[in-house]
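Coordinate inspection notes
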Amino acid sequence: MDLTESENGMAASPVLGSRRRIRRAHVMAAGCAVAMCTALAAPVAADVGTTTTTTKPTIVLVHGAFADASSWNGVVERLESRGYTVIAPANPLRGLYSDSTYIASVLDSVKGPLVLAGHSYGGAVISTAAEGNPRVKSLVYVSALMLDVGESGMSLGAKFPSELGTATKSVPYRAGGVSGTDLYLKPDRIHPVFAADLPESTTRVMAATQRPAATTALSETAKVAAWKHIPSWFLVAKQDKAINPDQERFEAKRAGSHTVEIDSSHVAMVSHPDAVTDLLVQAATAAGSARPALAASGTTQDARAETALTGIAVGSLIAGTGAVLLARRMRRSRP
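Residues numbered from 1 in each chain as written. Predicted model: local features only at pLDDT ≥ 70, side-chain atom pairs only at ≥ 80, totals over all residues. Heavy atoms only, no water.

Membership of the largest hydrophobic core comes to 75 residues, with the highest contact counts inside it found for Leu61, Tyr121 and Leu139. Looking at which element gives the most residues to this core, the answer is helix 12 (residues 273-288), with 7 residues. Beyond its immediate chain neighbours, meaning those up to four positions away, Tyr121 contacts Gly64, Ala65, Asn91, Leu93, Gly95, Leu96, Asp99, Leu145, Ala217 and Leu218. (Core = buried A, V, L, I, M, F, W, Y, C linked by side-chain atoms within 4.5 Å. Buried < 20%, exposed > 50% of the residue type's maximum accessible area, 1.4 Å probe, protein only. Helix = DSSP H or I, 4+ residues; strand = E, 2+ residues; numbered from the N terminus. Contact = heavy atoms within 4.5 Å.)

This next bit is on unusual backbone geometry. Here Leu93, not a glycine, exhibits a phi torsion of approximately 65 degrees, which is positive. Along the chain, Leu93 turns up in the loop between strand 3 (86-87) and helix 3 (96-108). You can call Leu93 buried: its relative accessible area is 0%. With a phi angle near 55 degrees, Ser120 is a residue other than glycine that sits in the positive phi range. Within the element layout of this structure, Ser120 appears in the loop between strand 4 (114-119) and helix 4 (121-129). Judged by its relative accessible area of 10%, Ser120 falls in the buried class.

What follows concerns the confidence of the model for the protein chain. Put simply, the protein chain has an average pLDDT of 80, and 70% of its residues get 70 or more. Within the model, pLDDT remains below 50 along residues 329-335, and this stretch shows 7 contacts once partners closer than five positions in the same chain are excluded. (pLDDT = per-residue confidence, 0-100.)

Two orientations exist for strands paired in a sheet by backbone hydrogen bonds: parallel and antiparallel. Pairing is parallel across the open sheet formed by 6 strands, whose spatial order is 3-2-4-5-9-10. Only two strands of the sheet have a single partner each, and these edge strands are strand 3 and strand 10 (258-262). When strand 2 (residues 58-62) meets strand 4, the two strands line up parallel, connected through 5 bridges. Of the residues in strand 4, the one forming a bridge with Ile59 is Val115. With respect to the sheet, helix 10 (residues 245-255) is in contact with strand 9 (232-237) and strand 10, its orientation differing from that of strand 9 by roughly 165 degrees. (Pairing = 2+ DSSP bridges. Axes fitted to C-alpha atoms, helices over the stretch in contact; angles between N-to-C directions.)

This part takes up helix 8 (residues 200-209). Side chains that are three or four residues apart share a direction in an α-helix, a result of its 3.6 residues per turn. Listed as buried for helix 8 are Thr203, Met206 and Ala207. Taken around the axis of helix 8, the buried residues stretch over an arc of 100 degrees, which confines them to a single face. Relative to its buried face, helix 8 has exposed residues pointing more than 90 degrees away, namely Arg204, Val205 and Ala208. Those residues of helix 8 that are buried lie in contact with helix 7 (187-194). (Arc of directions from axis to C-beta.)

Following both chains from N to C, one finds helix 3 and helix 4 inclined at 65 degrees, their axes separated by 8 Å at the closest point. Remark: the crossing between helix 3 and helix 4 carries right-handed chirality. Residues Leu96, Asp99, Ser100, Ile103, Ala104 and Leu107 of helix 3 pack against Tyr121, Ala124, Val125, Thr128 and Ala129 of helix 4. By residue class, the composition of the contact of helix 3 with helix 4 is 8 nonpolar, 2 polar and 1 charged. (Left-handed = near helix turned anticlockwise from the far one by under 90°. Nonpolar A, V, L, I, M, F, W, Y, C, P; charged D, E, K, R; others polar.)

This is the structure in structure tokens:
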């Protein structure tokens with residue numbers, strides 16, 4: 001190597017070094033920008049995440065008048081096969097206030113989240129029993145009474161006439177010094193009014209084993225209505241002659257319930273257990289599903305996302321400006 005080559009090589013070295021430093025500065029600035037973007041974007045991902053609960057709710061099935069808990073047998077079997085814990089307590093059928101107090105005490109004995117379902121008069125009971133219990137996540141009404149405050153089964157039924165009045169008979173009772181009047185279904189009216197889509201052999205057994213309801217169960221007015229603040233599902237039985245289907249539609253619409261309609265008599269849980277089970281699973285799944293950490297409206301989420309994106313843009317601008325200034329400074333310092 002001659003002297004000229006050596007001098008040229010020596011002169012080139014500082015230039016190459018400066019260029020390397022400039023490239024390193026750009027890389028470092030880009031790395032900072034990426035790091036800042038990642039740090040600023042991370043809270044957005046956390047905010048829009050979900051909180052998941054894997055505990056299935058216990059499903060509590062409350063029967064109505066003239067029946068007992070065995071009316072839920074087909075539904076219980078199907079729910080248990082899907083992994084749900086189910087209880088079907090005896091509804092005393094003595095009066096709305098005492099019955100709902102009793103069912104509320106049953107709920108106190110069960111741990112974890114709950115889904116309550118009521119058939120017929122049982123719907124009025126769960127609307128009261130669920131009040132003030134934060135563990136009740138969903139209410140399900142199966143061709144049921146869904147009373148508002150101040151309403152009774154009789155007063156609401158008077159607005160939507162049905163054939164139930166022609167199918168009942170009154171029988172006085174005495175118990176423990178207390179007397180009152182029970183309502184029974186006439187055996188020959190159970191099939192046409194109560195359960196037209198079941199075999200008559202089945203309705204004869206229902207007639208023999210029916211549990212009467214005291215008149216106070218249908219005459220006492222509701223003092224609370226839990227469906228006003230607990231999500232509800234409603235099954236309308238289009239062939240119901242005990243509760244007018246129009247009454248069921250009115251109740252469901254008033255409550256904003258998730259509603260399905262099927263071609264069924266009043267006892268849909270007996271004649272169509274699959275449809276009733278599916279509705280209960282919908283309510284139970286909603287009760288135990290992942291829930292957004294932010295409001296459903298998305299207003300807060302959108303605002304936070306916008307703030308984060310603004311921060312990312314500012315961070316990138318700052319990092320990019322720093323890289324340009326550093327490069328210019330290093331070019332000025334070149335020999």
